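Structural characterization, general
Listed below are the residues making up each chain.
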Amino acid sequence: MSEPFSVPVTVRGYETDVQGHLNQAVYLNYAEHARWSLLQAAGISQSGLVGRGVGPVALETTIRYRRELLAGDEVDVTCAFEWSGGKTFRIEQRIVKADGTVAAEVSAVGGLMDLTARKLVADPQGYFKELATDPTLFGL
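Residues numbered from 1 in each chain as written. Predicted model: local features only at pLDDT ≥ 70, side-chain atom pairs only at ≥ 80, totals over all residues. Heavy atoms only, no water.

1. A few points about the overall build of the chain
A tally of regular secondary structure across the chain gives three helices and six strands. When the helices and strands of the chain are placed in sequence order, the string is β-α-α-β-β-β-β-β-α. On C-alpha atoms alone, the chain measures out to a radius of gyration of 16 Å, which is about the 14 Å that the 2.2 N^0.38 rule sets for 140 residues. Once the C-alpha set of the chain is aligned to its principal axes, its extents read approximately 45 × 25 × 25 Å. Here the chain, with 140 residues, has 36% of them falling under the buried criterion. Residue pairs in contact within the chain that sit at least 24 positions apart in sequence constitute 65% of those at least 6 positions apart. Here the chain displays about 7500 Å² of accessible surface, and carbon together with sulfur accounts for 49% of that area. Between the mean site of the 13 positive side-chain charges and the mean site of the 17 negative ones, the chain shows a separation of 7 Å. (Helix = DSSP H or I, 4+ residues; strand = E, 2+ residues; numbered from the N terminus. Rg over C-alpha atoms; globule rule 2.2 N^0.38 Å. Buried < 20%, exposed > 50% of the residue type's maximum accessible area, 1.4 Å probe, protein only. Contact = heavy atoms within 4.5 Å. Areas by Shrake-Rupley, 256 points an atom, 1.4 Å probe, with all protein chains shown as cover. Lys, Arg positive; Asp, Glu negative; His and termini not counted. Charge placed at Lys NZ, Arg CZ, Asp CG, Glu CD.)

2. Thoughts on the environment of Leu115
Looking at the secondary structure, you find Leu115 in the loop between strand E5 (102-114) and strand E6 (119-120). In this structure Leu115 comes out as partly exposed when scored by relative accessible area, which is 32%. Between the C-alpha atom of Leu115 and that of Ala31, which follows or precedes it by 84 residues, the distance is 23 Å. The contact partners of Leu115, leaving out residues within four places of it in the chain, are Val50, Gly53, Val54 and Gly55.

3. Here we look at the pairing of strand E1 (residues 5-10)
Across the two faces of E1 the burial differs, with Phe5, Val7 and Val9 buried and Ser6, Pro8 and Thr10 not buried at all. Strand direction decides the pairing type here: E1 and strand E3 (residues 74-83), joined by six bridges, are antiparallel. Looking at the pairing, Val7 lines up with Val77 of E3. (Pairing = 2+ DSSP bridges.)

4. Re the packing of aromatic side chains
In total, this model carries nine aromatic pairs according to the counting rule given. On the numbers, 5.6 Å between centres and 25° between planes, the contact of Phe81 with Trp83 is stacked. Relative accessible area serves as the criterion here: at 4%, Phe81 is assigned to the buried category. Among the aromatic side chains, those forming a connected cluster through ring pairs are Phe81, Trp83, Phe89, Phe128 and Phe138. (Phe/Tyr/Trp six-rings, centres within 6.5 Å; stacked < 30°, edge-to-face > 60°.)

5. Let's talk about the nonpolar core
Tyr30, Leu69, Val77, Phe81, Ile95, Phe128 and Phe138 are the most contacted members of the largest nonpolar core, which totals 34 residues. For this core, the secondary structure elements donating two or more residues are E1, helix H1 (24-41), strand E2 (54-65), E3, strand E4 (88-97) and E5. For this core, the leading source of residues is H1, giving seven residues. The contacts of Leu69, once residues within four sequence positions are left out, are Val11, Gly20, His21, Leu22, Tyr27, Val75, Ile95, Lys97 and Ala103. (Core = buried A, V, L, I, M, F, W, Y, C linked by side-chain atoms within 4.5 Å.)

6. A word on H1
Two residues of an α-helix separated by three or four positions point the same way, owing to the 3.6 residues in each turn. The end-to-end C-alpha distance of H1, which contains 18 residues, comes to 27 Å, matching closely the 26 Å that a straight helix rising 1.5 Å per residue would cover. Those residues of H1 that fall on the buried side of the exposure criterion are Val26, Tyr27, Tyr30, Ala31, Ala34, Arg35, Ser37, Leu38 and Leu39. Turning to H1, the residues buried within the fold contact E1, E2, E3, E4, E5 and helix H3 (124-131). Measuring from the side-chain oxygen of the N-cap residue of H1 to the backbone nitrogen of Ala25 gives 2.8 Å; that N-cap residue is Asn23. After H1 finishes, the residue Gly43 shows a positive phi value of roughly 95°. (Expected span 1.5 Å × (residues − 1). Polar contact = N/O pair within 3.5 Å; in protein donor to acceptor, adjacent residues only side chain to side chain.)

Don't take any of this as a statement about function, it's just geometry.
Laid out in structure tokens, this is it:
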């Protein structure tokens, strides 16, 4: 597994629910933001993926809520890819408060879909390695 990439996020008031803590669906947005930020930092754009005829797909996502987040909380959202050599890969993420407290853990299984055949490509790792200007961000 690679060293986790991370992006800072500040919890905005409009993202909170009636109890005053971060709405559960927003955790997914934070995780998605970190994944796309990693792709961008590695030199992979949406247009680059589409130009190769592929697009990332989420196949499974599990969120473990550990501590509540409140408006104004500052967090780092980490992202690390794990490769198994097959059609799928894992993405392990943590949402960590400024004091080091883990607020949530997000574990996902993803793949790259061939946009014409509408099936997973056999070697997503190869696509990421080829498209990235910095494949080390993916642990490659």
